[in-house]
Amino acid sequence: MTVRTSRFVDQDGDKQLFIERALKTASNLGIKTLAEGIERKEEYEYCLAAGIPLVQGYYFGKPSAEPAAG
């Protein structure tokens, strides 16, 4: 499941409530979650604390035609 409410999620109680409910539902169904649109350290830290296992966004890098070296 992809959660797209990550913009300023660290500051928005309504988004946090939505994410809590979505994570509970996903957990009950055995679905792994992904937060996308992470652009700030605070958003990333919130996602980690909330238990979202996968994140992506400009905070980690801009889209590129070439894959990142790993």
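Our focus in this paragraph is the overall build of the protein chain. Of regular secondary structure, the protein chain possesses 2 helices and 3 strands. Taken from the N to the C terminus, the helices and strands of the protein chain come in the order β-α-β-α-β. Here the C-alpha coordinates of the protein chain stretch approximately 35 × 30 × 15 Å along the principal axes. Going through the 70 residues of the protein chain one by one, you find that 24% of them count as buried. At a minimum sequence separation of 6, the contacts of the protein chain that also span at least 24 residues come to 40%. As displayed, the protein chain offers around 5000 Å² of accessible surface, 51% of which is attributable to carbon and sulfur atoms. Seen as two clouds, the 9 positive and the 10 negative side-chain charges of the protein chain have centres 4 Å apart.

A few words now on the confidence of the model for the protein chain. When pLDDT is averaged across the protein chain, the result is 87; 90% of the residues are at 70 or more. Mean pLDDT across the elements of the protein chain ranges from a minimum in strand β1 (residues 2-3), with 53, to a maximum in helix α2 (residues 41-50), with 94.

Here we take up the packing of aromatic side chains. Within the structure shown, the criterion is met by 3 aromatic pairs. Each ring, one from Y59 and one from F60, has its centre 5.2 Å from the other, and the planes form 80°; the classification is edge-to-face. Given a relative accessible area of 44%, F60 falls into the partly exposed group. One aromatic cluster is present, built from ring pairs that chain together Y44, Y59 and F60.

About the criteria used
- Residues numbered from 1 in each chain as written.
- Predicted model: local features only at pLDDT ≥ 70, side-chain atom pairs only at ≥ 80, totals over all residues.
- Heavy atoms only, no water.
- Helix = DSSP H or I, 4+ residues; strand = E, 2+ residues; numbered from the N terminus.
- Buried < 20%, exposed > 50% of the residue type's maximum accessible area, 1.4 Å probe, protein only.
- Contact = heavy atoms within 4.5 Å.
- Areas by Shrake-Rupley, 256 points an atom, 1.4 Å probe, with all protein chains shown as cover.
- Lys, Arg positive; Asp, Glu negative; His and termini not counted.
- Charge placed at Lys NZ, Arg CZ, Asp CG, Glu CD.
- pLDDT = per-residue confidence, 0-100.
- Phe/Tyr/Trp six-rings, centres within 6.5 Å; stacked < 30°, edge-to-face > 60°.

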